[in-house]
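Residues per chain are reported as follows:
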Amino acid sequence: MLKDITLGQYFPGNSIVHRLDAGIKIIITVIFIIMLFAADNFISAGIGVAFMVMSYLLTKISPSLMVKSLKPVLPVLLITGVLNIFFYEGEVIFKLGFIKITDEGIKNAGFMLVRVISLIIGSSVLTYTTSPIELTNAIEKLLSPLKKFKLPVHELAMMMTIALRFIPTLIEETDKIISAQKARGADFENGTLRERASAVVPILVPLFVSAFRRAEELALAMECRCYRGGEGRTKMRQTHIKPFDLAALGISVIFLAAIISVNVFFK
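These lines cover the structure that appears in this document, whether it is placed above or below. Since this is a predicted model, take the numbers as computed values, not measurements.

End to end, helix α3 (residues 42–58) covers 24 Å across 17 residues, agreeing with the expected 24 Å (1.5 Å per residue, within 8%). For α3, every residue scored as buried is listed here: Ser44, Ala45, Ile47, Gly48, Phe51, Met52, Ser55 and Tyr56. Around the axis of α3, the buried residues are gathered within 170° of arc, so they sit on the same side. The N-capping residue of α3, defined by a side-chain oxygen 3.1 Å from the backbone nitrogen of Ile43, is Asn41. Positive backbone phi, approximately 60°, marks Lys60, located one or two places after α3.

So this is what it looks like as structure tokens:
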């Protein structure tokens with residue numbers, strides 16, 4: 001299941017979404033998140049889902065990849081959905097003792113699942129179609145006004161991107177450690193809760209050791225390349241916002257305006 005997690009991975013391509021400016025993609029992603037949380041009924045949520053589906057299809061990345069990446073979070077989503085069904089007041093549809101299912105509970109559970117799944121897929125479009133270097137430069141450019149307050153913008157952008165970039169690496173490392181421990185007879189599925197919790201320790205210790213070793217190797221590599229932070233740095237590729245980027249941004253704003261309008265007229 002760990003291999004199904006694709007968070008932080010980049011899939012090179014030449015689609016419309018790949019060619020968008022990285023900074024514009026970050027802004028569009030923020031607008032999309034606002035869309036999901038601004039939607040307060042299924043019609044407006046449907047508009048947000050339509051925007052998400054359209055964006056994902058334009059990436060030309062296989063939909064099966066996204067379905068695969070949702071598998072690890074599916075149990076959490078289902079548990080959260082079930083809890084929402086039982087803990088909302090409304091017209092009772094089914095009752096068994098103290099357990100009751102209401103129409104509002106079903107509605108809110110469905111709405112929550114749609115919102116969270118759309119949030120995961122829509123946010124993944126950003127990392128799937130943007131290389132770590134482009135993402136770092138875009139974050140630094142967007143946060144550049146904070147330099148006036150003496151904040152280390154470049155360092156913050158670099159840390160965020162490195163953290164995101166190493167998620168797939170750490171997941172792969174965890175999978176290797178689990179396989180190695182199973183080969184040595186470790187059992188992570190059977191036994192009491194305490195025994196299974198104790199079995200996690202042989203995974204965490206080598207994982208932390210590996211993470212610190214990778215961090216030290218990365219630091220040494222950056223020092224060998226004379227990395228000294230953001231002061232006086234230049235960029236090999238200078239990005240420029242094109243009319244196509246502004247058009248994409250305008251479309252996302254239109255979708256947001258449509259959601260707000262639906263909220264007003266379909267209360």
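Next comes the rest of the account.
What the rule picks out here adds up to 4 aromatic pairs. Measuring from ring centre to ring centre gives 5.5 Å for Phe42 and Phe111, while their planes differ by 85°; the resulting arrangement is edge-to-face. Of this pair, Phe42 sits in helix α3 while Phe111 sits in helix α6 (residues 103–129), and the two are 69 residues apart along the sequence. Taking the relative accessible area as the measure of exposure, Phe42 reaches 41% and is therefore partly exposed. By relative accessible area, Phe111 is classed as buried at 13%. Put simply, the rings of Phe32, Phe51 and Phe255 touch in pairs and so form one group of aromatic residues.

Attention now moves to the pattern of salt bridges. Scanning the model with the defined rule gives 2 salt bridges in all. With a closest N to O distance of 3.0 Å, Glu173 and Arg214 form a salt bridge. Residue Glu173 is found in helix α8 (residues 153–183), and its partner Arg214 is found in helix α9 (residues 193–224); the two are separated by 41 residues along the sequence. Notably, a salt bridge pairs Asp245 with Lys242, separated by 3.6 Å at the nearest N-O pair.

What counts and what doesn't
Residues numbered from 1 in each chain as written. Predicted model: local features only at pLDDT ≥ 70, side-chain atom pairs only at ≥ 80, totals over all residues. Heavy atoms only, no water. Helix = DSSP H or I, 4+ residues; strand = E, 2+ residues; numbered from the N terminus. Expected span 1.5 Å × (residues − 1). Buried < 20%, exposed > 50% of the residue type's maximum accessible area, 1.4 Å probe, protein only. Arc of directions from axis to C-beta. Polar contact = N/O pair within 3.5 Å; in protein donor to acceptor, adjacent residues only side chain to side chain. Phe/Tyr/Trp six-rings, centres within 6.5 Å; stacked < 30°, edge-to-face > 60°. Salt bridge = Lys/Arg side-chain N within 4 Å of Asp/Glu carboxyl O.

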